[in-house]
Amino acid sequence: MTTGAADLFERAAGVMPGGVSSPVRAYRAVGGTPPFIASGSGARVWDTSGRDYIDLVCSWGPLIAGHAHPRVVEAIVAQARLGTSYGAPSPREVELAEVIIEALPSVEMLRFVSSGTEAAMSAVRLARAATGREKILKFAGCYHGHADGLLAKAGSGVATFGLPDSAGVTEGTTRDTLTAQYSDLAAVEAIATQVPLAAIIVEPYAGNMGCVPPAPGFLAGLRRICDTTGALLIFDEVITGFRLARGGAQALVGLRPDITCLGKIIGGGLPVGAYGASRSLMSQVAPLGPMYQAGTLSGNPLAMAAGLATLSLLDVSAYEALDRTGARLAQGLEDAIWTHGIEACVQRAGSLLTLFFCAGPIRDELGASRADRSAFAAFHRAMLSRGVMLPPSQLECWFVSLAHDDDTIDQVIRSSWDSLKEMAR
Ligand SMILES: *Cc1c(COP(=O)(O)O)cnc(C)c1O
């Protein structure tokens, strides 16, 4: 049996839709077949043929400490020797919950789940349970996992009732999901004053239409609208939690959402999610209250151990380092696009960034949709051939980790010079 990527991809495609366990990994947006990853260490991954790449996917966010950080690996191994799942309370859950609550003043209690999807789905259920209202508002271009009611977005700049984004999602489900463009406070105000909303759910810094920071005042405006209309404000910090700051985006902007969704980093590379809120809101959740939500592997001890080890690495100096590294990469990319006369812009928030192939700034999904996807696809292929693995879609963030040192970033910048030069010819 050979282990080449082409052969593996053929086998994979025979047994899994698109050959993958999550669609974007199939490289449909950039062409070619994805490398199959055999191992990772620090800022690098190795494919099954032994080629190495600088990794700017970092598992789409969880690996803020890089691949196979020794402290994280040790924590997982030590826990594995004690067992991998009990279906009963265990000490690491309490420890991780306490660490998270310490970092996020808006969260007094939380419930662990196994994915960001579950966190967002459960947060919406909690908002409905607490308010007795049915409709929610989300923003086009924001992703909150693949629960039915959250797979909807606006088809235009006009706020409208959501249409399903996916086959198999009923119109009845998405009828309760209204949508507006990101940072369009006037649209939110118009909707929230007419329709009793259970919740407004938002990525406080959008990371799923590329990196799109909120317009100044947008998040504070949402807080105000929620306060005046009785809707609950949900910050989906599955990407931004422990990424933009230890206290997440909410610490950065100095706001308290009613409910926070977490995932990715808090599991240190193992499957995890969590939703948290005030003590009184979380008292709605079973067994304290009437809102049912459960999970066989929730609070999984391996994930808790990996999360605790990861969060223990994230002190003030870690965030300074992440920001410095992100800035170095953004500056290098900006120099390269300017020098080669490419129409593109870089948007960054700390260690999240996106190179959009269109003029900036990009403020919402309509803006992001103007980026040249075929230019990005060519760039992605050119970078991959130079040993740099970028997320295989224009509308994703690149993730910088603590393992990306200056030399590594400079290699990425050199590769982008060469790639853009090739494209400019
Ligand atoms: C990744 C992500 C999710 C979904 O998390 P999964 O663990 O993939 O289910 C939800 N919200 C945001 C903002 C995300 O980036």
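Since we're looking at a predicted model, the values are computed, not measured. (Residues numbered from 1 in each chain as written. Predicted model: local features only at pLDDT ≥ 70, side-chain atom pairs only at ≥ 80, totals over all residues. Heavy atoms only, no water.)

**Q** Even after reading the chapter, I still don't get the packing of aromatic side chains, so can you show me in this structure?
**A** Aromatic ring pairs are reported here in terms of the distance separating the ring centres and the angle at which the planes meet. Scanning the entire structure with this criterion turns up seven aromatic pairs. With centroids separated by 6.4 Å and ring planes inclined at 75 degrees, the aromatic side chains of Phe9 and Phe36 adopt a geometry described as edge-to-face. Here the residue Phe9 occupies a position in helix α1 (residues 5-15), and Phe36 occupies one in the loop between α1 and β1 (37-41), the gap between them amounting to 27 residues. The interplanar angle of 65 degrees and the centroid separation of 6.5 Å between the aromatic rings of Phe357 and Phe376 together place this pair among those described as edge-to-face. (Phe/Tyr/Trp six-rings, centres within 6.5 Å; stacked < 30°, edge-to-face > 60°. Helix = DSSP H or I, 4+ residues; strand = E, 2+ residues; numbered from the N terminus.)

**Q** How should I be thinking about the environment of Ala13 in this particular structure?
**A** Within the secondary structure, Ala13 is located in helix α1. Counting along the chain gives 387 residues from Ala13 to Val400, while the straight-line C-alpha distance between them is 30 Å.

**Q** Looking at this model, I keep getting lost on the domain arrangement of the protein. Mind explaining?
**A** Size of an interface, as often reported, equals the accessible area lost when the parts are brought together. Taken as a whole, the protein is organised into domain 1 (5-68 + 315-424) and domain 2 (70-311). Distance between the C-alpha centres of domain 1 and domain 2: 25 Å. Overall, the association of domain 1 and domain 2 removes approximately 2,200 Å² of surface from exposure, summing both partners, and the carbon and sulfur fraction of that is 63%. At the junction of domain 1 and domain 2, the tally comes to zero salt bridges. Counting the contacts that link domain 1 with domain 2 gives nine residue pairs in polar contact (both at pLDDT 80 or more). At the level of secondary structure, the elements contributing two or more residues to the side of domain 1 that touches domain 2 comprise β14 (345-349), β15 (352-356) and α12 (365-368). In terms of residue count, β15 provides more of the side of domain 1 that touches domain 2 than any other element does, four residues in total. Of the residues assigned to the side of domain 1 that touches domain 2, the class counts are 17 nonpolar, four polar and five charged. (Domains from an automatic or database assignment. Buried area = accessible area lost by both parts, 1.4 Å probe. Salt bridge = Lys/Arg side-chain N within 4 Å of Asp/Glu carboxyl O. Polar contact = N/O pair within 3.5 Å; in protein donor to acceptor, adjacent residues only side chain to side chain. Nonpolar A, V, L, I, M, F, W, Y, C, P; charged D, E, K, R; others polar.)

**Q** What am I meant to see in the nonpolar core here?
**A** In a soluble, globular protein the nonpolar side chains are often hidden away together inside. One finds Leu56, Leu329, Leu355, Phe357, Phe379 and Trp398 to be the most contacted residues of the largest nonpolar core, which totals 45 residues. Among the elements of the structure, β3 (52-55), α11 (316-339), β14, β15, α13 (373-385), β16 (388-389), β17 (398-399) and α14 (406-424) are those that each provide at least two residues to this core. Looking at this core element by element, the count peaks at six residues for α13. Domain assignment of the residues forming this core places at least three in each of domain 1 (5-68 + 315-424) and domain 2 (70-311). (Core = buried A, V, L, I, M, F, W, Y, C linked by side-chain atoms within 4.5 Å. Buried < 20%, exposed > 50% of the residue type's maximum accessible area, 1.4 Å probe, protein only.)

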